[in-house]
Amino acid sequence: MDKRNLINKEFWKASPNDAQTLMESFEEIIPDESILNDCEIDFLYKDKDFYFRRVIWSTSLGIAKGGLRFNKDKITPVSILKSLSVLLIYKSALFNLPYSGSAGEIHLITDKKTKLQALKKYTQLWFKADLHLTDILSPDMGTSISDMSHIYKVLSKYISAPMKFLNGKPVELGGCEGRDKATSYGAEVCIEHLIKKEGSRFPKKGKVSFFGFGNSTKPLYSFFTKLGYTVVAISNSQGFYYDPVGIKLSSDYSNLKKYNKSKNPKDIFNKKTNIFVAGYKEDTVDSNKLLETGTSVFIEIANNPLISKNINKSLDKKILRVPGILINSGGFLASHYENMVAEKIVKNNKIELYKFIKKLIKNKTNEVLNLIKTKKYTMPQSAFYISLKNIKK
């Protein structure tokens, strides 16, 4: 599949001069199977114990890279995996990086096998299918640095330098110092810039709610509270936590349970807030419920957090939506830096990594804000406009 064919797909037909058409195309990506079925690689393996999948929508813009998630619950719909692989193409293009997108999942069907056994078998099949020639694996929901270490050890039996095929590795195996907090750091850089930038519509004080409270969002709790914001609501997989005066968490977050109000994480949509941070997972936020919270800012730390089949068309006119391809890109940029470390282009240094992330996100946030000012686009429209324009160069 060459670059011309990629752009000629229905999904890519929007002109960069028509940002609204572009956004409408993108928001329909999950239900539109006719678009998603046309992907370059769809690797599937299933037996009585395991369900493995890896999708690569296209490699025409460069080697693919994307997350590998692990779960023991329900299988993620392949349409969502494909939409995530396309989203990574946009994220890469936004920063002019040489990658296409991929996404994958390991699912345990029974309890007879362990996670380590699943990781080993997945890695062996991934390699034997020659996917290492077109794909780079990164950690995602349910996978960690230690899991990537295990994959590294399996790959080392087949490849002399497996560090080039994996991101999110331990430092001793070629991973980046500071990568564990790179996503939240990138978000902090973007938010700080939006607060300082006149006309960005980002409130300088107010209430904050977290829908999803994991590795990428927990550091933002301290970030917001230090800036004088009040975190009033938090939801995670265990339930909903709330205090109208403010949730005061210990450094290890162990006292969160004392603020518990219900077992339903979605009760967070019944409380008013000024800033709503979505960090749970894709396709979980009802845009109409979101508007009922009264929020003026919606931050997409999760990829594709809005329920795509029910997006309020006036959402971006009513609130400032900070798109995930910009604000959650710190981890993606850290993966690119990790690849440059493997190629010995840069040194493995946390300070240099964070300088790299800060420069790229700050510059790109400026570019997005300038488009908002000059073309009257929304923030998501501006980000995707830049991505599509870079792809069509």
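In this text the structure is predicted, and so the values were computed from the model without any measurement.

Trainee: Please explain the overall build of the chain as it appears in this structure.
Mentor: Secondary structure summary: the chain contains 14 helices and 12 strands in total. When the 393 residues of the chain are sorted by exposure, 56% land in the buried category. The long-range share in the chain, meaning contacts at least 24 apart out of those at least 6 apart in sequence, stands at 68%. About 17000 Å² of surface is accessible on the chain, with carbon and sulfur atoms providing 50% of the total.

Trainee: Which parts of the structure should I look at to understand the pairing of strand 11 (residues 297-300)?
Mentor: Within a regular strand, side chains alternate between the sheet's two faces. Going residue by residue along strand 11, you find Val297 and Ile299 tucked away on one face and Phe298 and Glu300 tucked away on the opposite face as well. Summarising the sheet, strand 10 (residues 275-278) and strand 11 pair through four bridges and their orientation is parallel. Residue pairing for strand 11: phenylalanine 276 is matched across the bridge by phenylalanine 298. For the crossover that starts at strand 10, traverses helix 9 (residues 287-292) and ends in the parallel strand 11, the hand is right-handed. Relative to strand 12 (residues 320-322), strand 11 runs parallel, the two sharing three bridges. In the sheet register, phenylalanine 298 faces strand 12, and the bridge partner there is arginine 321.

Trainee: Which parts of the structure should I look at to understand the sheet that holds strand 2 (residues 50-56)?
Mentor: Within a beta sheet, neighbouring strands are joined by backbone hydrogen bonds and run either parallel or antiparallel to one another. Strand order in the open sheet made by the five strands is 1-2-4-3-5, with mixed pairing throughout. Of all the strands in the sheet, the pair left with one neighbour each is strand 1 (41-46) and strand 5 (135-139). Direction aside, the axes of adjacent strands within the sheet are offset by 15° on average. Sheet topology note: the strand 2/strand 4 (residues 99-108) ladder contains seven bridges and is antiparallel. Following the sheet pairing, isoleucine 56 is matched in strand 4 by serine 102.

Trainee: Would you mind showing me how to read the packing of helix 5 (residues 115-128) against helix 6 (residues 145-155) here?
Mentor: Angle between the axes and distance between the axes are the two parameters that describe a pair of packed helices. Axis separation between helix 5 and helix 6 bottoms out at 9 Å; the angle between their running directions is 50°. Accordingly, the angle class assigned to the pair helix 5 and helix 6 is oblique. The two elements helix 5 and helix 6 meet at a crossing, and its hand is right-handed. Of the residues in helix 6, those in contact with Lys115, Leu116, Leu119, Lys120, Thr123, Gln124, Trp126 and Phe127 of helix 5 are Asp147, His150, Ile151, Val154 and Leu155. Residues that form the contact of helix 5 with helix 6 fall into these classes: seven nonpolar, three polar and three charged.

Trainee: Explain the packing of helix 7 (residues 182-196) against helix 12 (residues 330-342) here, please?
Mentor: Contact pair helix 7 / helix 12: the axes reach a minimum separation of 6 Å and the direction vectors enclose 120°. By the angle class used here, helix 7 and helix 12 are oblique. The two elements helix 7 and helix 12 meet at a crossing, and its hand is right-handed. Facing helix 7, whose interface residues are Ala182, Thr183 and Gly186, helix 12 presents Gly330, Gly331 and Ala334. Broken down by class, the residue content of the contact of helix 7 with helix 12 amounts to two nonpolar, four polar and no charged.

Trainee: Where do I start with the confidence of the model for the chain in this structure?
Mentor: Reading fine detail from the predicted coordinates is not recommended where pLDDT is low. Predicted confidence across the chain gives a mean pLDDT of 88, with 90% of residues reaching 70 or more. Counting contacts from residues 1-19, a segment whose pLDDT is below 50, to residues more than four positions away or on other chains yields 54 contacts. For the stretch residues 25-36, pLDDT sits under 50, and the model shows 31 contacts to residues farther than four places along the chain or on other chains.

Trainee: Sorry if this is basic, but what is going on with the packing of aromatic side chains here?
Mentor: Aromatic ring pairs are defined here through the distance separating the ring centres and the angle between the ring planes. A full pass over the atoms with the stated rule returns 20 aromatic pairs. When the centroid spacing of 5.6 Å and the interplanar angle of 65° are considered together, the rings of phenylalanine 210 and phenylalanine 213 count as edge-to-face. For the residue pair phenylalanine 210 and phenylalanine 213, the accessibility class agrees, reading buried in each case. Each member of the aromatic cluster is reached from another via a ring pair, and the members are Phe210, Phe213, Phe223, Phe224, Tyr229 and Tyr253. Residue placement shows lysine 65 over the ring face of tyrosine 99; its charged tip is 5.8 Å from the ring centre. When the ring centre of phenylalanine 70 is taken as origin, the NZ or CZ atom of lysine 115, which lies over that ring, is 5.0 Å away.

Trainee: Any chance you could explain the sheet that holds strand 11 here in plain terms?
Mentor: Strands sit in the order 9-8-7-6-10-11-12 across an open sheet of seven strands; the sheet is mixed. Of all the strands in the sheet, just strand 9 (260-262) and strand 12 have a single pairing partner and so form its edges. Here the strands of the sheet are splayed against their neighbours by 20° on average, with no regard to which way each runs. Inspection of the sheet shows strand 6 (residues 207-211) paired to strand 7 (residues 230-236) by five bridges, in the parallel sense. Along strand 7, the bridge assignment pairs lysine 207 with threonine 230.

The rules behind each value
Residues numbered from 1 in each chain as written. Predicted model: local features only at pLDDT ≥ 70, side-chain atom pairs only at ≥ 80, totals over all residues. Heavy atoms only, no water. Helix = DSSP H or I, 4+ residues; strand = E, 2+ residues; numbered from the N terminus. Buried < 20%, exposed > 50% of the residue type's maximum accessible area, 1.4 Å probe, protein only. Contact = heavy atoms within 4.5 Å. Areas by Shrake-Rupley, 256 points an atom, 1.4 Å probe, with all protein chains shown as cover. Pairing = 2+ DSSP bridges. Right-handed = clockwise from strand over helix to strand, strands pointing away. Axes fitted to C-alpha atoms, helices over the stretch in contact; angles between N-to-C directions. Parallel < 35°, antiparallel > 145°, perpendicular 65-115°, else oblique. Left-handed = near helix turned anticlockwise from the far one by under 90°. Nonpolar A, V, L, I, M, F, W, Y, C, P; charged D, E, K, R; others polar. pLDDT = per-residue confidence, 0-100. Phe/Tyr/Trp six-rings, centres within 6.5 Å; stacked < 30°, edge-to-face > 60°. Lys NZ or Arg CZ within 6 Å of the ring centre and 35° of its normal.

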